[in-house]
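Read off the chains here:
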Amino acid sequence: MNDTTLYRSLHAAYDQIATGSDGDLPPLAEVHPLDQDWIEEVNQKNQAQRIKLETELKTYTSNMIKESIRMAYRDLGEFYRETGDHAAALKHYTKSREFCTTSQHVLEMCLSVLELLIEHRNYAHMSTYVFKADAALDAASTARSGPASGPTAPANAAAASKDKAAAEREKVQSKLDVSIALSYLGQGTFEKAALAFLKVGPVKSVGDWVGTLTASGDVAIYTTLCALATFKREDIKSKILDDDNFGVYIEQEPYVRDLLESYMGNRFKLMLEILDRYSTRHALDLHLGNHIANITNMIRSRALVQYFQPFASIKLERMSTAFGWTVEELERQVVALIQAGEIQARVDRQNKILKAKETDQRSALFARAIKSGEMMRVANRKLLLRMRLQQADLIVKAQRGPGGGHAGDFLSDIYSM
Amino acid sequence: MSQAGSSASAAQAGQSSQAGDALTVDTLVAQAVGGVDTATISKLLRDTAPKDSRDSALISMLATGEDPLRVLDPVQHTLVYLHILCARLNAATPSRPGLDLIEAFCQSFSPEQARLAPQKVTALAKAIVRVAHDFGHDQFALSPLYHLVTRYPPSLACLTTIHPIFVARCVATKHYTLALPVLAVPITTIDLKLSDITYSDNLTYHYAGGVALGALKRWKEAEEFLEICVSSPAQVPAAIQLEASKKLVLIQLILYGKTVAPPRYTNAALQRLLKASPYGVFAKVYPQGKAQLTKSIQKDVDLFTNERHIGLIHQAIDRAPRWLIQKLTSTYLTLGLADIAKEVGLDGEEEVRSIILSMIESDEISATISSDGTVTFSDPVPQISKVDVDRMLRQAQEQTKLLWELDQTMNGNRDYLTKVRYLSVAVGDERRC
């Protein structure tokens, strides 16, 4: 990384926090004095590099060599990405698309853009490039398998290259899956995110993205949290716990398995404790940070709903011990859920009891039938009048000439009284 | 001036050689009294041109110096009487008839004859309003108009031009209850032959009706009238429709505590306009505690006051605690009065107690208050008797019959048949090809 601006802002940020923390943190000078020499050196290098790349681009453009122009644009894009100029990098990457001759190149471009977008958490744009890459991937793999299966190639060599192609394809596909899943997560559609994460292939297929853009442990955490917040119990079991491929991811972060198991075993108190214990880790996560509060709330509500399901009535006190909250806290949560329509029950505030709602289906049905009958009658009458009005062509039409509303006179007449 | 006018028109009539010198009041009255049938007279009056000279002919006195209105009988000679009356009311002469004469006419005229000249009836209604206004007493117009509106159409369910004039006068003079007998009959028939109505008559009638019913706090009916006004067919929304939809929103808040989506056929632009207005904003934050609501309307108070809706806004705000309490009933089984006061944003327990009592009395919630101030809510069990069910079934049968009849008339409708034949011919052609 040759990003001097980032270095400076990091420095400044630390300085600000250190001065504000009353000596809890060692002052900046002790930790890392600003390396002015390095900055200058890097800036000079960057400058030289940029001029070099731009001259190259100019030469290629004047020579009209498509492939070289593409590579020049790509190199410039990469250069800007290194130096932290996000907008310029994106511009050059996309510019290179015009000079792509094969779908392989398009694919390469899309992946670079996706890396860039993930780095900068630009979730809204990601899906566009994933779809573009998908199309390019299809085109590329058919193009590649085409000549390989030609009659001249020996049979086993063809099979070998086919395997290789398939492996290659799977790698790219996994990357695309990770991207689309991250974009769903970033935009707060957790259920889709969880499903997309589950589609990601084995760990090694993600290749060089592991460790640079995302970690396999992260995938496990994202998936689990999103799934807990949105999936049904049976789905969690069949799609997550019974999935061997995903099991490998879970191994990376053992606490995730505890979390899942405590949820499935209805030990909600333990589950909430685990969530709480790792809350700092979640909050500091690049992609998860913005949503963790929301996700935690959703998980909590689901747990409450599930806990109450089998009961006709339950003491709030008992429920609060199961969740490890105070009665007041629990009541607040439960009331919020009732008002959102998640729990069909009512709170007996005086005796601290939660009671399931009972409805007399028969009389409810009668009431509903009568109400809809009445509504239909009224609607019928109004519709008939409307029909008659239309038959008589009594329709409000645009006025000829500006100003002076026909209703205006009448209104002012009434108002003036 | 009247002398000159009449002689000129007489000369013209002579030239047109149609009905000889029929255009003097004398011949007209003579014919009417002489028992010539009304169809002939109606034709005579209609064919006479030009219109203004006819009117000036009609305002003159009889050759004998008698007042034609004294000679004619309002019941038997309604048509001629009506024409002369209108001409006189519109003319700037001192021969304008008094209100007692108009009143007597409105009470006794023959509807069958009057229906031959719908325009004259409209003109009469408008003239009545003007005359009463000139007298300085707007409410004088109400009684003749009431007779006119109830006697002229074959049934009150037929919309006429008098409907909006009458109801608007009632609203303007704040005599809301007078309009009730008319408003009680919903409009179901539109007949352009009966009365020369325009779309704005329909809009004005339902708007003014909504205002009158709203003023009487008959919210349910007011809602219906305003909804008809709002959802009337429109290519572009009329100003009065927007005004009506503002009132509609406020009345729905008072009535249901929330807004109800208008029928699908409502003009879409109207909804957009309303949503963007302060009324849409108010409906969005409703219901909340009184204090918050009052604060939220603070910056628009001037606008609400200018548009004369501040009263409805305050009524809606006054009812907000009730909706909040009603919401609590679906969440809680028991609550202390103090808790309710806190949740709803009211100050004293006593205030809460009185609101809850009045809500129980008006059947809005079913609850009991115990001596220690605990309110126990219970589910209201809807009581449906056999009588209710029978009544509903009967109504449904009536509906079906009405729709069946409508279907039959539709089958006989000329436009419909042409269209169907055209379509079937087109299909036939295709088959042949």
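Small disclaimer: the values here were computed from a predicted structure and weren't measured. (Residues numbered from 1 in each chain as written. Chains lettered and ligands numbered in written order. Predicted model: local features only at pLDDT ≥ 70, side-chain atom pairs only at ≥ 80, totals over all residues. Heavy atoms only, no water.)

1. Observations regarding the overall build of chain A
When you go through chain A residue by residue, the secondary structure sums to 20 helices and 3 strands. Here chain A, with 417 residues, has 41% of them falling under the buried criterion. Approximately 22600 Å² of chain A is accessible, and the part contributed by carbon and sulfur atoms is 54%. (Helix = DSSP H or I, 4+ residues; strand = E, 2+ residues; numbered from the N terminus. Buried < 20%, exposed > 50% of the residue type's maximum accessible area, 1.4 Å probe, protein only. Areas by Shrake-Rupley, 256 points an atom, 1.4 Å probe, with all protein chains shown as cover.)

2. Overview of helix α13 (residues 254-264) of chain A
Residue and element names in this part refer to chain A. Buried within α13 we find Tyr 255, Val 256, Leu 259, Leu 260, Ser 262 and Tyr 263. Buried residues along α13 cover an arc of 165° about the axis, so they all sit on one side. Of the surrounding secondary structure, the elements contacted by the buried residues of α13 are α10 (216-230), α11 (233-241), α12 (244-252), α14 (268-277), α15 (279-284) and α16 (292-308). Looking one or two places after α13, you find Asn 266, whose phi comes out positive at around 60°. (Arc of directions from axis to C-beta. Contact = heavy atoms within 4.5 Å.)

3. Things to note about the environment of Met319(A)
All names here are of chain A. Position of Met 319 among the secondary structure elements: in helix α17 (residues 316-323). Note on Met 319: relative accessible area 0%, which makes it buried. Met 319 sits 11 residues away from Phe 308 along the chain, and the two C-alpha atoms are 8.5 Å apart. Sequence-distant contacts of Met 319, defined by excluding residues within four places in its chain, comprise Leu 304, Tyr 307, Phe 308, Ile 314, Leu 330, Val 334 and Leu 354.

4. Comments concerning the pattern of salt bridges
Applying the stated criterion across every chain yields a total of 30 salt bridges over all chains. Of the charged contacts, one joins Asp339(B) and Arg349(A) as a salt bridge, the two residues approaching to 3.0 Å between their closest N and O atoms. With Asp339(B) in helix α21 (residues 337-344) and Arg349(A) in the loop between β2 (345-348) and β3 (353-356), this residue pair bridges two chains. Among the residues examined, Arg349(A) registers a relative accessible area of 13% and is labelled buried. Residue Arg319(B) pairs with Glu364(B) through a salt bridge whose shortest N-O separation is 3.8 Å. Here Arg319(B), found in helix α20 (residues 310-329), pairs with Glu364(B), found in the loop between α22 (349-361) and β2 (366-369); they are 45 residues apart in sequence, far enough to count as distant. We classify Arg319(B) as partly exposed; its relative accessible area is 23%. Here the residues in one salt-bridge network are Glu331(A), Arg349(A), Lys352(A), Asp339(B) and Glu343(B), joined through shared partners. (Salt bridge = Lys/Arg side-chain N within 4 Å of Asp/Glu carboxyl O.)

5. Some points on empty space enclosed by the protein
Per the stated rule, a full pass over the model turns up 1 cavity of 30 Å³ or more. If you add up the space inside the largest cavity, you get close to 60 Å³. Mapped by element, the contributors of at least two residues to the lining of the largest cavity are α19 (361-391) of chain A together with α14 (219-231) of chain B. With 4 residues, α19(A) is the largest single contributor of residues to the lining of the largest cavity. Residues that form the lining of the largest cavity fall into these classes: 5 nonpolar, 2 polar and 2 charged. (1 Å grid on protein atoms, 1.4 Å probe; cavity = no way out; pocket = protein on both sides within 12 Å on 5 of 7 lines; lining within 4 Å. Points joined across faces, edges and corners; volume = space filled by probe spheres on them. Nonpolar A, V, L, I, M, F, W, Y, C, P; charged D, E, K, R; others polar.)

6. Let's talk about unusual backbone geometry
Omega for the bond connecting Tyr286(B) with Pro287(B) falls within 30 degrees of zero, at -10°, which places this linkage in the cis form. Take Pro287(B): it is sitting in the loop between α17 (278-285) and α18 (290-297). Its identity as a non-glycine residue notwithstanding, Arg121(A) has a phi of 50°, on the positive side. At Arg308(B), a residue that is not glycine, the phi angle is positive and equals roughly 60°. The topology assignment puts Arg308(B) in the loop between α19 (301-306) and α20. On the accessibility criterion, Arg308(B) (49% relative accessible area) is partly exposed.

7. Comments concerning the UniProt feature "repeat: TPR" (unreviewed entry) in chain A
In the numbering adopted here, UniProt assigns the feature "repeat: TPR" (unreviewed entry) to residues 70-103 of chain A. Strand forms 0% of residues 70-103 of chain A and helix 79%; the C-alpha atoms that close the span are 13 Å apart. (UniProt positions renumbered as here; feature names shortened; annotations may be inferred.)

8. Some words on the nonpolar core
One broad trend across soluble globular proteins is that nonpolar side chains are buried collectively. In terms of nonpolar packing, the biggest core is built from 115 residues, with Leu185(A), Leu225(A), Met319(A), Leu354(A) and Ile340(B) touching the most fellow members. The next biggest cluster of nonpolar side chains, apart from the first, holds 106 residues, and it includes Leu389(A), Leu72(B), Ala87(B) and Ile251(B). (Core = buried A, V, L, I, M, F, W, Y, C linked by side-chain atoms within 4.5 Å.)

9. Quick notes on the pairing of β3(A)
Residue and element names in this part refer to chain A. As paired strands, strand β1 (residues 313-315) and β3 are joined by 3 bridges and run antiparallel to one another. Bridge pairing in β3 links Lys 315 to Ile 353. Hairpin connection of β2 to β3: 4 residues between the antiparallel strands, including Lys 352 at a positive phi of 55°. (Pairing = 2+ DSSP bridges.)

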